[in-house]
Amino acid sequence: MIPVPYRSIINGGLKPGKSFTVRGVVNTNPHRIFFNLRHIFGIAFHYNPRFDQNKVVCNTWDGHWGPEEYPAGMPFKAGQPFEIYIFCTDHSFNVFVNGVHVCSFKHRFWSLNEIDVFEVAGDVQINHVDA
Ligand code: GAL
(Lines give C-alpha, C1' and ligand atoms only; values in the text may rest on other atoms or scores of the structure.)
Protein backbone atom coordinates (compact mmCIF):
# COMPACT_ATOMS: atom_id res chain seq x y z
CA MET A 1 0.00 0.00 0.00
CA ILE A 2 1.16 3.52 -0.82
CA PRO A 3 0.17 6.19 1.74
CA VAL A 4 -2.57 8.64 0.74
CA PRO A 5 -2.31 11.58 0.30
CA TYR A 6 0.40 10.73 -2.20
CA ARG A 7 2.64 13.40 -3.68
CA SER A 8 5.54 13.09 -6.10
CA ILE A 9 7.81 15.55 -7.82
CA ILE A 10 7.74 15.57 -11.62
CA ASN A 11 11.40 15.71 -12.57
CA GLY A 12 11.99 18.59 -14.97
CA GLY A 13 8.29 19.47 -14.96
CA LEU A 14 5.54 18.34 -17.26
CA LYS A 15 5.89 17.98 -21.02
CA PRO A 16 3.63 16.70 -23.78
CA GLY A 17 3.84 12.91 -23.81
CA LYS A 18 4.18 12.60 -20.04
CA SER A 19 1.70 10.28 -18.36
CA PHE A 20 0.65 9.19 -14.89
CA THR A 21 -0.78 5.82 -13.97
CA VAL A 22 -2.35 4.97 -10.63
CA ARG A 23 -3.88 1.65 -9.64
CA GLY A 24 -5.89 1.31 -6.49
CA VAL A 25 -9.22 0.60 -4.87
CA VAL A 26 -11.93 3.11 -4.02
CA ASN A 27 -12.86 3.09 -0.33
CA THR A 28 -16.25 1.87 0.77
CA ASN A 29 -18.56 4.82 1.50
CA PRO A 30 -16.32 7.23 -0.42
CA HIS A 31 -16.95 10.97 -0.51
CA ARG A 32 -14.39 12.35 -3.00
CA ILE A 33 -11.10 11.53 -4.71
CA PHE A 34 -8.61 14.17 -5.83
CA PHE A 35 -6.01 13.89 -8.58
CA ASN A 36 -4.06 17.15 -8.86
CA LEU A 37 -1.25 18.38 -11.08
CA ARG A 38 0.22 21.33 -9.25
CA HIS A 39 2.50 24.26 -9.92
CA ILE A 40 3.91 26.71 -7.42
CA PHE A 41 0.88 29.04 -7.62
CA GLY A 42 -1.89 26.48 -7.77
CA ILE A 43 -3.40 23.54 -9.62
CA ALA A 44 -3.17 23.15 -13.39
CA PHE A 45 -5.48 20.14 -13.42
CA HIS A 46 -7.87 19.08 -10.66
CA TYR A 47 -9.70 15.84 -11.51
CA ASN A 48 -12.21 15.25 -8.77
CA PRO A 49 -14.55 12.23 -8.72
CA ARG A 50 -17.42 13.09 -6.34
CA PHE A 51 -19.46 10.20 -5.02
CA ASP A 52 -21.70 12.56 -3.05
CA GLN A 53 -22.82 14.11 -6.37
CA ASN A 54 -22.24 11.10 -8.65
CA LYS A 55 -20.13 13.14 -11.05
CA VAL A 56 -16.58 14.22 -11.82
CA VAL A 57 -15.51 17.87 -11.53
CA CYS A 58 -12.44 19.21 -13.34
CA ASN A 59 -10.96 22.62 -12.68
CA THR A 60 -7.90 24.78 -12.11
CA TRP A 61 -6.96 26.82 -9.05
CA ASP A 62 -4.74 29.88 -9.13
CA GLY A 63 -5.84 31.84 -6.09
CA HIS A 64 -9.45 30.93 -6.82
CA TRP A 65 -11.26 28.13 -8.63
CA GLY A 66 -11.91 28.59 -12.33
CA PRO A 67 -14.99 27.46 -14.23
CA GLU A 68 -15.83 23.83 -13.54
CA GLU A 69 -15.97 21.25 -16.30
CA TYR A 70 -18.04 18.09 -15.96
CA PRO A 71 -16.90 15.18 -18.08
CA ALA A 72 -19.78 12.79 -18.78
CA GLY A 73 -20.19 9.75 -16.56
CA MET A 74 -18.82 8.59 -13.24
CA PRO A 75 -16.20 5.92 -13.96
CA PHE A 76 -15.30 5.18 -10.30
CA LYS A 77 -17.37 2.89 -8.09
CA ALA A 78 -17.32 2.52 -4.31
CA GLY A 79 -15.19 -0.41 -3.20
CA GLN A 80 -13.99 -1.20 -6.73
CA PRO A 81 -10.45 -1.47 -8.11
CA PHE A 82 -9.48 0.99 -10.82
CA GLU A 83 -6.64 2.12 -13.02
CA ILE A 84 -6.43 5.78 -13.98
CA TYR A 85 -4.10 6.96 -16.73
CA ILE A 86 -3.58 10.70 -17.21
CA PHE A 87 -1.84 11.68 -20.42
CA CYS A 88 -0.61 15.21 -21.17
CA THR A 89 -0.57 16.46 -24.76
CA ASP A 90 0.45 19.88 -26.05
CA HIS A 91 -3.15 21.08 -25.78
CA SER A 92 -4.90 19.02 -23.10
CA PHE A 93 -4.95 16.53 -20.27
CA ASN A 94 -6.60 13.26 -21.20
CA VAL A 95 -7.90 10.82 -18.63
CA PHE A 96 -8.54 7.12 -19.14
CA VAL A 97 -10.17 5.03 -16.41
CA ASN A 98 -10.01 1.25 -16.81
CA GLY A 99 -8.90 1.80 -20.40
CA VAL A 100 -11.78 4.10 -21.35
CA HIS A 101 -11.21 7.73 -22.35
CA VAL A 102 -13.35 9.68 -19.90
CA CYS A 103 -12.06 13.25 -19.98
CA SER A 104 -10.23 15.76 -22.10
CA PHE A 105 -9.36 19.02 -20.35
CA LYS A 106 -7.87 21.82 -22.46
CA HIS A 107 -4.86 23.47 -20.87
CA ARG A 108 -5.53 26.73 -19.06
CA PHE A 109 -2.09 26.89 -17.42
CA TRP A 110 0.21 26.68 -20.41
CA SER A 111 3.65 26.69 -18.71
CA LEU A 112 3.70 22.91 -18.61
CA ASN A 113 7.32 22.76 -17.44
CA GLU A 114 6.25 24.60 -14.26
CA ILE A 115 3.80 21.82 -13.35
CA ASP A 116 5.95 19.79 -10.99
CA VAL A 117 3.81 17.94 -8.45
CA PHE A 118 1.42 15.02 -8.91
CA GLU A 119 -0.96 14.38 -6.04
CA VAL A 120 -3.58 11.80 -5.16
CA ALA A 121 -5.81 12.34 -2.14
CA GLY A 122 -9.19 11.48 -0.74
CA ASP A 123 -11.12 8.26 -0.26
CA VAL A 124 -8.91 5.81 -2.05
CA GLN A 125 -6.23 3.22 -1.42
CA ILE A 126 -3.43 2.99 -3.95
CA ASN A 127 -1.03 0.16 -4.62
CA HIS A 128 0.82 1.30 -7.76
CA VAL A 129 1.91 4.68 -9.09
CA ASP A 130 3.88 5.34 -12.24
CA ALA A 131 4.47 9.10 -12.36
C1 GAL B 1 -14.95 23.27 -4.64
C2 GAL B 1 -14.33 22.17 -3.78
C3 GAL B 1 -12.91 21.95 -4.18
C4 GAL B 1 -12.82 21.75 -5.69
C5 GAL B 1 -13.55 22.83 -6.45
C6 GAL B 1 -13.52 22.57 -7.95
O7 GAL B 1 -16.31 23.45 -4.32
O8 GAL B 1 -14.38 22.55 -2.42
O9 GAL B 1 -12.37 20.82 -3.51
O10 GAL B 1 -13.33 20.48 -6.04
O11 GAL B 1 -14.88 22.93 -6.01
O12 GAL B 1 -14.23 23.56 -8.64
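These notes cover the structure that comes with them. (Residues numbered from 1 in each chain as written. Predicted model: local features only at pLDDT ≥ 70, side-chain atom pairs only at ≥ 80, totals over all residues. Heavy atoms only, no water.)

### A word on the overall build of the chain
Here is the rule: Strands here are runs of E lasting at least two residues and helices are runs of H or I lasting at least four, both read from the DSSP assignment and numbered beginning at the N terminus. Restricting the calculation to C-alpha atoms gives the radius of gyration, and the globule rule supplies 2.2 Å times the number of residues raised to the power 0.38. Exposure is judged per residue with a 1.4 Å probe applied to protein chains only, and the accessible area is read against the type maximum: over 50% gives exposed, under 20% gives buried, and values in between give partly exposed. Residue contacts follow a heavy-atom distance rule, with two residues in contact if any of their heavy atoms lie within 4.5 Å. Each accessible area value is a Shrake-Rupley result obtained with a 1.4 Å probe; residue values ignore everything except the protein chains displayed when judging cover.
Counting secondary structure elements, the chain contains zero helices and ten strands. Going residue by residue from the N terminus, the α and β elements of the chain occur as β-β-β-β-β-β-β-β-β-β. Scaling as 2.2 N^0.38, a compact globule of 131 residues should have a C-alpha radius of gyration of about 14 Å, and the chain matches this with 14 Å. For the chain, the spread of C-alpha atoms along the principal axes amounts to about 35 × 30 × 25 Å. For the chain, the proportion of its 131 residues judged to be buried stands at 46%. In the chain, once contacts between residues fewer than 6 apart in sequence are set aside, the share between residues at least 24 apart is 59%. Of the roughly 6,600 Å² of accessible surface on the chain, 52% is carried by carbon and sulfur atoms.

### A closer look at the environment of Glu 119
Where we set the bar: As used in this structure description, the phrase polar contact means that two N or O atoms lie within 3.5 Å; if the pair is within protein, one of them must be able to donate a hydrogen and the other to accept it, and residues adjacent in sequence are counted only when both atoms belong to side chains.
Structurally, Glu 119 is set in strand β9 (residues 117-122). Residues Glu 119 and Pro 49, 70 residues apart in the sequence, show an inter-C-alpha distance of 14 Å. When residues no more than four places from it in sequence are discounted, the contact partners of Glu 119 are Tyr 6, Arg 7, Phe 34, Phe 35, Asn 36 and Arg 38. A polar contact of 2.5 Å, which involves the side chain of Glu 119, links it to the side chain of Arg 7. Here Arg 38 takes part through its side chain, which lies 2.8 Å from a polar atom of the side chain of Glu 119.

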